[in-house]
Amino acid sequence: MHRRALHNCINSHRPSRVAVSSSLSGEHALNECTTIVHNNTFGCRRQHRGYASRCLPSPSSLVPTYNTIQQYDPPSLWGIVVGSTFQTCAFSSSDGSTSGDLNEQIISLSESGDVAKSEEILYQMQTSAISQKDKAALPDIDSYTAFMNALLDKQYELMDASRNDNTTNNNKNDATTFSDEQGAIKVVALAETAHDVLIQMEDISGVSDHYTSMRLTGGIDSSSLRDASLKPTSHHYDAVISAFVNATIAAHDAKYTSHLTKNAPYIVQRWLQRMETLSFDPQSGVAPSVETYHRVMEACASSSGTATFSRQNNKAPILTQAIFDKLKQSTNLRPTDKEYRLLIRTWCGSSCKDAAYKATGLWMTMLKAFKGGIEEMEPTLDDGKMVLEAWSRAINKHSARRAQNILSAMEKLHNAKKSDVKPDLDCYRYVLTAMSRSKVPEVGKNVAKLFKTMEDGHIFPDTQCFDAAIETLMNCASNARGDEANDFSKMAESMLVQMEKEQDRSSVSVVKPSATTYTHVIQALGVRKSKSAAEKADALLRRMESKYSEGDESMKPTRDSYVGTIHAYGNCGSTYSFINANEVLQRMIAQYSDGNESARPDVCSYHAVIRACANAANNNLSPDKEKEALVMAISTVQNMKKSESFHPNAKSYLLLLQCCTNLLPSGNEREKALCSVFRCCCKDGLVSQHALKEFQSAVSNEVYHREVVNDAPSYNGVKALPEKWTRNLGFKVRMQEAEGGKRSPVISVSGAVISSTAYNDYRMRRRWAKTNQKLLQGGRM
């Protein structure tokens, strides 16, 4: 009878009062009631959501003195009062709801997604319980768990909505961007709420009595109330860490920043440290898992795109690496492939100087573990691509070799049928790009081998692969010597021919030479020092001019295209090389006049023509042709003086002195010409060490003393050049004279620079500016 009455009460959802005797049947009836309530109210939907299991008292533990069950309704059956074990709820809302009712409302509202209402009720219960100093009126552990789960669900909902909007609206406008930022603000606010809730749980449960409180400012003062049943579990700590991870990801995607997103990596690290500290206490039941460390690493990695790390995004991989190292040092946890891949992605996305090295070390560790039999540690194709791309961007002389070693390891694994990961086009492109940045001649020998491997694997190279290969061969030709340089030059030319053939027959990938492609081949042809190579370079330049005039913008000739052709003529050794070089310069000027800004002439363009005139002396020219070359060199310098954008510099006069020395026979005529050029150099204030030594070696001692030594002033007991001769050498020193003029270098008549404060300052700044010499900054010489 008692059992039937209880069943009817639960199913009818109507208030009821049931009398229960202290007999055994009454105890069985109460046990049946509690079991039904537990199964119906806290069913399977709460599994794996972190809810605390409710340990109900057994019937034998009930005190038989109290033999009534007070009035209840089904949503608040946990307010049942039986004996001294279940206490009467002291808190009731304005509408008469007990704390059990409110707990059920919090759980119900949280699971339905009404975060605001559930937070309001939770706060009211906390405030009332603390003011009355009644812990029975506090929200229970399941209410806190449900609310924190609701916060996470709301974050995921907002982030999914933002991603869907971005997918639908590919062309973002201001309104969409504003919406993304508003969504990020909401996600960050939810993370802050979860953070505050966990702090409240720690304060009320007494955890913060033994450890440093995470509270910064504000909040509810719960120092007068303690309830050990509200101790946070690992689920609560993980939930807050996940909330901050979502906040950093949302802020990264929306390019939003706030004080919370700036400090998110450090906040999650503090919560991780709290979990690690609590794990030493077996009774706490709190311990970080591998997933916990992974989420903290995600927070650190995602912070690289926020404003905190926009200027110095090197902090993100360093913080992530620190968490990874901590996980590796754990006695009972080991990083999985997820942590390795996250750290590889973080390093590869940073601008650290040794990022590629770090990523390669992680990739090799995964490879070693995979070879040792751990299948899940097999490096994927994306892992290899990320590392290869990092090497393609790295500024390191070993980048090409490292990238080739990684690609070779991937190929060996696939060829040995130990892995299904096969390098694709992107892998070869990254390796070729890394090779194109190298200045080591040996790198060019592997270009043909790479293309052969791609052909055997039915991988069709694209434009970037060909461009990188041609640039690699051009660099090798420029840095090699003798026949080896000629071989690389020929390989670059043949690579262009192969590229043009692929353009005609390829339907899989788009292959099309550009102005950059032709320019690199022109520069490679200039190394061969032959008439045929110069003519081929000129033919490529004319082809570029023709296609550009037809409307092909990708074939626009550049300054490097013309200068490379001028150098090719200057080194070819033909009779009319200097005339051809000057003709290319005139075409360059005409191209710029027609509106091609990329072909704007500069000092180097004119210097290339002067150098071609100086090299004409090696071509067995007649005296008339040699004089013609000298006249062309002098007129080139005069044209530079007439230019509005640039003027001759010290190197211009040095080249002109070399032209006089090479093109005129020894005698009075040559000395007269040299003196004339040197006087112009002195007048322009451009007498450098090299120009003075060139003049000294080309004229007799008598002429040198007359022009330089006799009237030289004394500086610290040493005869030196007049300051006006060196006034325009470009020494930008910090110290200035009293009258505000610029200090010029002091050069002795022998060509040595006399040590001075200004010159020492200049030398030190030159050392500061050198690549890989930053350690000299602020130090001693």
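For clarity, every value in this text was computed on a predicted model and none was experimentally measured.

About the cut-offs
- Residues numbered from 1 in each chain as written.
- Predicted model: local features only at pLDDT ≥ 70, side-chain atom pairs only at ≥ 80, totals over all residues.
- Heavy atoms only, no water.
- Helix = DSSP H or I, 4+ residues; strand = E, 2+ residues; numbered from the N terminus.
- Buried < 20%, exposed > 50% of the residue type's maximum accessible area, 1.4 Å probe, protein only.
- Contact = heavy atoms within 4.5 Å.
- Areas by Shrake-Rupley, 256 points an atom, 1.4 Å probe, with all protein chains shown as cover.
- Core = buried A, V, L, I, M, F, W, Y, C linked by side-chain atoms within 4.5 Å.
- Expected span 1.5 Å × (residues − 1).
- Salt bridge = Lys/Arg side-chain N within 4 Å of Asp/Glu carboxyl O.
- Axes fitted to C-alpha atoms, helices over the stretch in contact; angles between N-to-C directions.
- Parallel < 35°, antiparallel > 145°, perpendicular 65-115°, else oblique.
- Nonpolar A, V, L, I, M, F, W, Y, C, P; charged D, E, K, R; others polar.
- Patch = residues over 30% accessible without salt bridge, like charges linked within 9 Å, V, L, I, M, F, W, Y side chains within 5 Å.
- Lys, Arg positive; Asp, Glu negative; His and termini not counted.
- Charge placed at Lys NZ, Arg CZ, Asp CG, Glu CD.
- Phe/Tyr/Trp six-rings, centres within 6.5 Å; stacked < 30°, edge-to-face > 60°.
- pLDDT = per-residue confidence, 0-100.
- Polar contact = N/O pair within 3.5 Å; in protein donor to acceptor, adjacent residues only side chain to side chain.

## Details of the overall build of the protein chain
Here is step 1: Assigned secondary structure in the protein chain consists of 30 helices and six strands.
Here is step 2: Expressed as a percentage of the 781 residues in the protein chain, the buried residues total 49%.
Here is step 3: A separation threshold of at least 6 residues defines the contact pool for the protein chain, and within that pool the share at least 24 residues apart is 68%.
Here is step 4: Carbon together with sulfur atoms contributes 49% to the accessible area of the protein chain, which is approximately 39,000 Å² in total.

## Description of helix 20 (residues 515-525)
Here is step 1: Within helix 20, nine of the 11 residues are buried, which leaves it mostly tucked inside the rest of the structure.
Here is step 2: Within helix 20, burial applies to A515, T517, Y518, T519, H520, V521, I522, A524 and L525.
Here is step 3: Against the buried residues of helix 20 lie helix 18 (463-479), helix 19 (483-505), helix 21 (531-549) and helix 22 (559-572).

## What to know about the nonpolar core
Here is step 1: The biggest cluster of nonpolar side chains holds 200 residues, and the ones touching the most others in it are F244, W271, I344 and V708.
Here is step 2: Excluding residues that lie within four positions of it along the chain, I344 makes contacts with A359, L362, W363, M366, M386 and V387.

## Section: helix 11 (residues 315-328)
Here is step 1: Over its 14 residues, helix 11 runs 20 Å from end to end, which matches the ideal 20 Å to within 8%, given 1.5 Å per residue.
Here is step 2: Where helix 11 is concerned, the buried positions are A316, P317, L319, T320, Q321, I323, F324 and L327.
Here is step 3: In this structure, the buried residues of helix 11 make contact with helix 9 (259-278), helix 10 (290-302), helix 12 (337-348) and helix 13 (355-371).

## A short note on the pattern of salt bridges
Here is step 1: Tallied over the full model, the rule gives 31 salt bridges.
Here is step 2: Put simply, E628 and K625 hold a salt bridge, and the shortest N to O gap is 3.4 Å. One end of the pair, E628, and the other, K625, are both in helix 25 (residues 623-642), three residues apart, so they sit about a helical turn from each other.
Here is step 3: Judged by relative accessible area, E628 falls into the partly exposed class, the value being 33%.
Here is step 4: What makes K625 partly exposed here is its relative accessible area of 21%.
Here is step 5: Through salt bridges that share partners, K385, D424, D426, R429 and D462 make up one connected network.

## Observations regarding the packing of helix 16 (residues 425-436) against helix 17 (residues 447-456)
Here is step 1: At their nearest, the axes of helix 16 and helix 17 sit 11 Å apart, and the two run at 175° to each other. Comparing the axis directions of helix 16 and helix 17 gives the class roughly antiparallel. Only V447, L450, F451, T453 and M454 of helix 17 make contact with helix 16, whose side of the interface consists of L425, Y428, V431, L432 and M435.
Here is step 2: Partitioning the contact of helix 16 with helix 17 into residue classes produces nine nonpolar, one polar and no charged.

## Brief notes about the environment of K490
Here is step 1: Mapped onto the elements of the fold, K490 is located in helix 19.
Here is step 2: Residue classification places K490 among the partly exposed residues on the basis of a relative accessible area of 46%.
Here is step 3: Residues K490 and L473 lie 17 residues apart in sequence; the distance between their C-alpha atoms is 9.0 Å.

## Description of a positive patch on the surface
Here is step 1: Together, K371, K412, K418 and K449 make up a region of like positive charge exposed at the surface.
Here is step 2: Using a relative accessible area of 59% as the deciding quantity, one classes K412 as exposed.

## Comments concerning the packing of aromatic side chains
Here is step 1: This structure, assessed with the given rule, holds eight aromatic pairs.
Here is step 2: Both rings, one in F324 and one in Y340, keep their centres 5.0 Å apart while their planes meet at 75°; by these two values the pair is edge-to-face. With F324 in helix 11 and Y340 in helix 12, this pair connects stretches of sequence that are 16 residues apart. Like Y340, F324 is buried.
Here is step 3: With 5.9 Å between their ring centres and 90° between their planes, F678 and W725 make a pair best called edge-to-face. Residue F678 is located in helix 27 (residues 668-683), and its partner W725 is located in the loop between strand 4 (718-719) and strand 5 (746-747); the two are separated by 47 residues in the primary sequence.
Here is step 4: Residue classification places W725 among the buried residues on the basis of a relative accessible area of 13%.
Here is step 5: An aromatic cluster of three or more residues is present, and its members are F678, F695, Y704 and W725.

## Description of the confidence of the model for the protein chain
Low-pLDDT stretches of the model should not have their predicted coordinates read in fine detail.
Here is step 1: Averaged over every residue, the pLDDT of the protein chain is 81; the share at 70 or more is 78%.
Here is step 2: A low-confidence stretch, residues 1-48 (pLDDT under 50), is modelled with 70 contacts involving residues beyond four sequence positions or located in other chains.

## Some points on the side chain of S438
Here is step 1: Within the element layout of this structure, S438 appears in the loop between helix 16 and helix 17.
Here is step 2: Separated by 3.2 Å, the side chain of S438 and the backbone nitrogen of V440 make a polar contact.
Here is step 3: The residues touching S438, leaving out its near neighbours within four places in the chain, are K397, A400, V443 and N475.

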